[in-house]
Amino acid sequence: MQALYRNVMEKEINRRAESLYNIIGKTPGFDIINAVEKLGGRVIMVENTALDFGIDAKIDTSETEEGIDFKIFCVKENIEEYIRFCIAHELGHLFLHMTKKDENGNIELVKDSFYKTNNDFSIYEWEAEEFAACFLMPEDEFKIQIEVQRGDVEKIAKKFKVPTQSVFMRCKRLGIMY
(Lines give C-alpha, C1' and ligand atoms only; values in the text may rest on other atoms or scores of the structure.)
Protein backbone atom coordinates (compact mmCIF):
# COMPACT_ATOMS: atom_id res chain seq x y z
CA MET A 1 0.00 0.00 0.00
CA GLN A 2 2.78 2.41 0.90
CA ALA A 3 4.52 1.85 -2.47
CA LEU A 4 1.27 2.57 -4.33
CA TYR A 5 0.73 5.75 -2.28
CA ARG A 6 4.27 6.94 -3.02
CA ASN A 7 3.89 6.24 -6.73
CA VAL A 8 0.64 8.20 -6.96
CA MET A 9 1.96 11.04 -4.80
CA GLU A 10 5.23 11.29 -6.76
CA LYS A 11 3.24 12.04 -9.90
CA GLU A 12 1.02 14.61 -8.17
CA ILE A 13 3.93 16.27 -6.39
CA ASN A 14 5.91 16.39 -9.62
CA ARG A 15 2.94 17.98 -11.43
CA ARG A 16 2.50 20.67 -8.77
CA ALA A 17 6.22 21.43 -8.45
CA GLU A 18 6.78 21.68 -12.20
CA SER A 19 3.72 23.87 -12.56
CA LEU A 20 5.18 26.27 -9.99
CA TYR A 21 8.58 26.08 -11.71
CA ASN A 22 6.98 27.08 -15.01
CA ILE A 23 5.26 30.04 -13.37
CA ILE A 24 8.09 31.19 -11.09
CA GLY A 25 11.42 29.65 -12.02
CA LYS A 26 11.66 28.83 -15.70
CA THR A 27 15.43 28.50 -15.60
CA PRO A 28 17.80 26.19 -13.72
CA GLY A 29 19.34 27.86 -10.67
CA PHE A 30 16.69 30.61 -10.52
CA ASP A 31 16.65 33.05 -7.60
CA ILE A 32 14.54 31.20 -5.06
CA ILE A 33 14.29 34.13 -2.63
CA ASN A 34 12.83 36.24 -5.44
CA ALA A 35 10.43 33.37 -6.21
CA VAL A 36 9.21 33.35 -2.59
CA GLU A 37 8.69 37.12 -2.77
CA LYS A 38 6.71 36.75 -6.02
CA LEU A 39 4.45 34.35 -4.12
CA GLY A 40 3.91 36.99 -1.42
CA GLY A 41 6.20 35.48 1.20
CA ARG A 42 9.50 36.38 2.82
CA VAL A 43 12.69 34.48 3.50
CA ILE A 44 14.35 35.40 6.78
CA MET A 45 17.90 34.22 7.34
CA VAL A 46 18.60 33.51 11.00
CA GLU A 47 21.49 32.42 13.21
CA ASN A 48 21.82 28.72 13.91
CA THR A 49 20.67 29.32 17.49
CA ALA A 50 17.49 31.16 16.44
CA LEU A 51 15.66 27.92 15.60
CA ASP A 52 15.35 24.89 17.83
CA PHE A 53 18.27 22.45 17.80
CA GLY A 54 18.41 20.40 14.61
CA ILE A 55 16.00 22.58 12.64
CA ASP A 56 17.47 23.97 9.41
CA ALA A 57 14.38 25.76 8.11
CA LYS A 58 10.83 26.54 9.13
CA ILE A 59 7.73 27.95 7.47
CA ASP A 60 5.03 29.84 9.34
CA THR A 61 1.80 31.31 8.13
CA SER A 62 0.14 34.09 10.05
CA GLU A 63 -2.96 36.18 9.73
CA THR A 64 -2.59 39.76 8.54
CA GLU A 65 -5.09 42.42 7.51
CA GLU A 66 -4.67 41.29 3.88
CA GLY A 67 -5.20 37.60 4.70
CA ILE A 68 -2.69 34.85 5.41
CA ASP A 69 1.01 35.66 5.04
CA PHE A 70 3.96 33.26 5.06
CA LYS A 71 7.56 33.47 6.16
CA ILE A 72 10.37 30.97 5.69
CA PHE A 73 13.11 31.04 8.29
CA CYS A 74 16.39 29.47 7.22
CA VAL A 75 19.71 28.97 9.04
CA LYS A 76 22.26 31.16 7.29
CA GLU A 77 25.30 29.12 8.38
CA ASN A 78 24.42 26.39 5.84
CA ILE A 79 25.88 26.36 2.32
CA GLU A 80 23.93 28.23 -0.37
CA GLU A 81 22.85 25.08 -2.22
CA TYR A 82 21.44 23.52 0.95
CA ILE A 83 19.66 26.77 1.84
CA ARG A 84 17.99 26.76 -1.60
CA PHE A 85 16.88 23.17 -1.07
CA CYS A 86 15.55 23.99 2.42
CA ILE A 87 13.54 26.93 1.06
CA ALA A 88 12.11 24.75 -1.73
CA HIS A 89 11.30 22.09 0.88
CA GLU A 90 9.34 24.64 2.90
CA LEU A 91 7.50 25.72 -0.25
CA GLY A 92 6.58 22.06 -0.59
CA HIS A 93 4.91 22.22 2.81
CA LEU A 94 3.15 25.42 1.73
CA PHE A 95 1.71 23.96 -1.47
CA LEU A 96 1.08 20.43 -0.22
CA HIS A 97 0.11 20.83 3.43
CA MET A 98 -0.87 24.42 4.15
CA THR A 99 -3.67 25.12 1.68
CA LYS A 100 -7.37 24.40 1.45
CA LYS A 101 -10.20 25.24 -0.93
CA ASP A 102 -12.70 27.88 0.12
CA GLU A 103 -16.44 27.64 -0.58
CA ASN A 104 -15.90 28.97 -4.13
CA GLY A 105 -13.18 26.43 -4.92
CA ASN A 106 -10.36 28.95 -4.65
CA ILE A 107 -7.19 27.81 -2.91
CA GLU A 108 -6.21 29.68 0.22
CA LEU A 109 -3.46 29.38 2.81
CA VAL A 110 -4.20 28.10 6.28
CA LYS A 111 -2.49 29.18 9.47
CA ASP A 112 0.10 26.53 10.35
CA SER A 113 3.83 25.84 10.58
CA PHE A 114 6.27 23.15 9.50
CA TYR A 115 9.99 22.82 10.00
CA LYS A 116 12.81 20.86 8.38
CA THR A 117 15.18 18.71 10.38
CA ASN A 118 17.77 16.24 9.20
CA ASN A 119 16.21 13.31 11.06
CA ASP A 120 12.47 13.58 10.43
CA PHE A 121 11.19 10.90 8.06
CA SER A 122 7.43 11.47 8.25
CA ILE A 123 5.30 11.29 5.12
CA TYR A 124 4.97 15.11 5.22
CA GLU A 125 8.74 15.45 5.16
CA TRP A 126 9.10 12.94 2.33
CA GLU A 127 6.50 14.83 0.29
CA ALA A 128 8.21 18.19 0.92
CA GLU A 129 11.62 16.70 -0.05
CA GLU A 130 10.12 15.31 -3.25
CA PHE A 131 8.53 18.69 -4.03
CA ALA A 132 11.85 20.49 -3.51
CA ALA A 133 13.68 18.13 -5.86
CA CYS A 134 11.00 18.42 -8.55
CA PHE A 135 10.76 22.21 -8.19
CA LEU A 136 14.51 22.85 -8.32
CA MET A 137 15.28 20.12 -10.89
CA PRO A 138 12.24 19.63 -13.17
CA GLU A 139 12.34 16.29 -14.94
CA ASP A 140 12.69 17.44 -18.57
CA GLU A 141 15.29 20.10 -17.78
CA PHE A 142 17.11 17.68 -15.49
CA LYS A 143 17.34 15.04 -18.22
CA ILE A 144 18.64 17.66 -20.66
CA GLN A 145 21.35 18.64 -18.20
CA ILE A 146 22.29 14.99 -17.68
CA GLU A 147 23.01 14.87 -21.42
CA VAL A 148 24.61 18.31 -21.74
CA GLN A 149 26.86 17.82 -18.72
CA ARG A 150 27.56 14.19 -19.75
CA GLY A 151 26.45 12.92 -16.37
CA ASP A 152 28.94 15.09 -14.42
CA VAL A 153 27.13 15.33 -11.08
CA GLU A 154 29.20 18.31 -9.89
CA LYS A 155 28.33 20.32 -13.01
CA ILE A 156 24.67 19.36 -12.81
CA ALA A 157 24.52 20.37 -9.14
CA LYS A 158 26.20 23.67 -9.99
CA LYS A 159 23.74 24.33 -12.84
CA PHE A 160 20.70 23.79 -10.59
CA LYS A 161 22.45 25.24 -7.49
CA VAL A 162 21.63 22.20 -5.36
CA PRO A 163 23.75 19.83 -3.25
CA THR A 164 25.31 16.95 -5.19
CA GLN A 165 23.40 14.53 -2.95
CA SER A 166 20.17 16.02 -4.33
CA VAL A 167 21.32 15.26 -7.89
CA PHE A 168 22.02 11.64 -6.96
CA MET A 169 18.60 11.31 -5.30
CA ARG A 170 16.84 12.86 -8.31
CA CYS A 171 18.66 10.44 -10.62
CA LYS A 172 17.57 7.52 -8.47
CA ARG A 173 13.94 8.67 -8.42
CA LEU A 174 13.93 9.10 -12.22
CA GLY A 175 15.59 5.75 -12.80
CA ILE A 176 18.84 7.26 -14.05
CA MET A 177 21.54 5.07 -12.56
CA TYR A 178 25.23 5.75 -12.09
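Residues numbered from 1 in each chain as written. Predicted model: local features only at pLDDT ≥ 70, side-chain atom pairs only at ≥ 80, totals over all residues. Heavy atoms only, no water.

Q: For this particular structure, what's the right way to read helix 6 (residues 153-160)?
A: Given 3.6 residues to a turn, an α-helix orients residues that are three or four positions apart in the same direction. Of all the residues in helix 6, the buried ones are V153, I156, A157 and F160. What you see down the axis of helix 6 is that its buried residues fit within an arc of 100°, all on one side. Of the exposed residues in helix 6, those oriented more than 90 degrees away from the buried face are E154 and K158. Elements in contact with the buried residues of helix 6: helix 3 (80-97), helix 4 (123-136), helix 5 (139-148) and helix 7 (164-174). Measuring from the backbone nitrogen of E154 back to the side-chain oxygen at the start of helix 6 gives 3.1 Å, which picks out D152 as the cap. At the C-terminal side of helix 6, K161 shows a positive phi close to 55°. (Buried < 20%, exposed > 50% of the residue type's maximum accessible area, 1.4 Å probe, protein only. Helix = DSSP H or I, 4+ residues; strand = E, 2+ residues; numbered from the N terminus. Arc of directions from axis to C-beta. Contact = heavy atoms within 4.5 Å. Polar contact = N/O pair within 3.5 Å; in protein donor to acceptor, adjacent residues only side chain to side chain.)

Q: Explanation requested: the nonpolar core in the structure shown.
A: Across soluble globular proteins, nonpolar side chains show a tendency to be buried alongside one another. Ranked by size, the top nonpolar core spans 43 residues in total, and within it F135, L136 and V167 carry the most contacts. Among the elements that line this core, the one with the most residues is helix 3, at 9 residues. Excluding residues that lie within four positions of it along the chain, L136 makes contacts with F30, I32, R84, F85, A88, F160 and V162. (Core = buried A, V, L, I, M, F, W, Y, C linked by side-chain atoms within 4.5 Å.)

Q: Can you help me understand unusual backbone geometry in this one?
A: Trans is the prevailing form of peptide bonds, just as negative phi is the prevailing case for residues other than glycine. Residues other than glycine seldom take positive phi values, yet R150 does so here, at roughly 55°. Looking at the secondary structure, you find R150 in the loop between helix 5 and helix 6. R150 sits in the exposed class, given a relative accessible area of 78%. Unlike most non-glycine residues, K161 shows phi in positive territory, near 55°. Summarising the element assignment, K161 is placed in the loop between helix 6 and helix 7. By relative accessible area, K161 is classed as partly exposed at 35%.

Q: Just to check I follow, could you spell out a nonpolar patch on the surface for this structure?
A: Nonpolar side chains collect at one region of the surface, where Y5, I123 and Y124 lie side by side and expose about 270 Å² of accessible area between them. In this structure, I123 sits in helix 4. (Patch = residues over 30% accessible without salt bridge, like charges linked within 9 Å, V, L, I, M, F, W, Y side chains within 5 Å. Areas by Shrake-Rupley, 256 points an atom, 1.4 Å probe, with all protein chains shown as cover. Salt bridge = Lys/Arg side-chain N within 4 Å of Asp/Glu carboxyl O.)

Q: Honestly, the packing of aromatic side chains in this entry has me stumped. Any pointers?
A: One pair of aromatic rings is described through two measures. These are the centre distance and the angle between the planes. Counted by the stated rule, this structure contains 5 aromatic pairs. Look at Y21 and F30: their rings are 5.9 Å apart centre to centre, the planes differ by 65°, and that puts the pair in the edge-to-face class. Of the residues examined, Y21 reaches a relative accessible area of 6% and is grouped as buried. Measuring from ring centre to ring centre gives 5.1 Å for F30 and F135, while their planes differ by 65°; the resulting arrangement is edge-to-face. Here F30, found in the loop between helix 1 (2-25) and helix 2 (32-38), pairs with F135, found in helix 4; they are 105 residues apart in sequence, far enough to count as distant. (Phe/Tyr/Trp six-rings, centres within 6.5 Å; stacked < 30°, edge-to-face > 60°.)

Q: I'm lost on the packing of helix 3 against helix 4 in this one. Help?
A: Each pair of packed helices can be summarised by the angle the axes make with each other and by the distance between the axes. Interhelical geometry of helix 3 versus helix 4 gives an angle of 115° and a closest axis separation of 7 Å. Here helix 3 runs over helix 4; the crossing is right-handed. Each of R84, F85, A88, H89, L91, G92, H93, F95, L96 and H97 in helix 3 lies in contact with helix 4, whose residues at this interface are Y124, E125, E127, A128, E129, F131, A132, A133, F135 and L136. Tallied by class, the residues present in the contact of helix 3 with helix 4 amount to 12 nonpolar, 4 polar and 4 charged. (Axes fitted to C-alpha atoms, helices over the stretch in contact; angles between N-to-C directions. Left-handed = near helix turned anticlockwise from the far one by under 90°. Nonpolar A, V, L, I, M, F, W, Y, C, P; charged D, E, K, R; others polar.)

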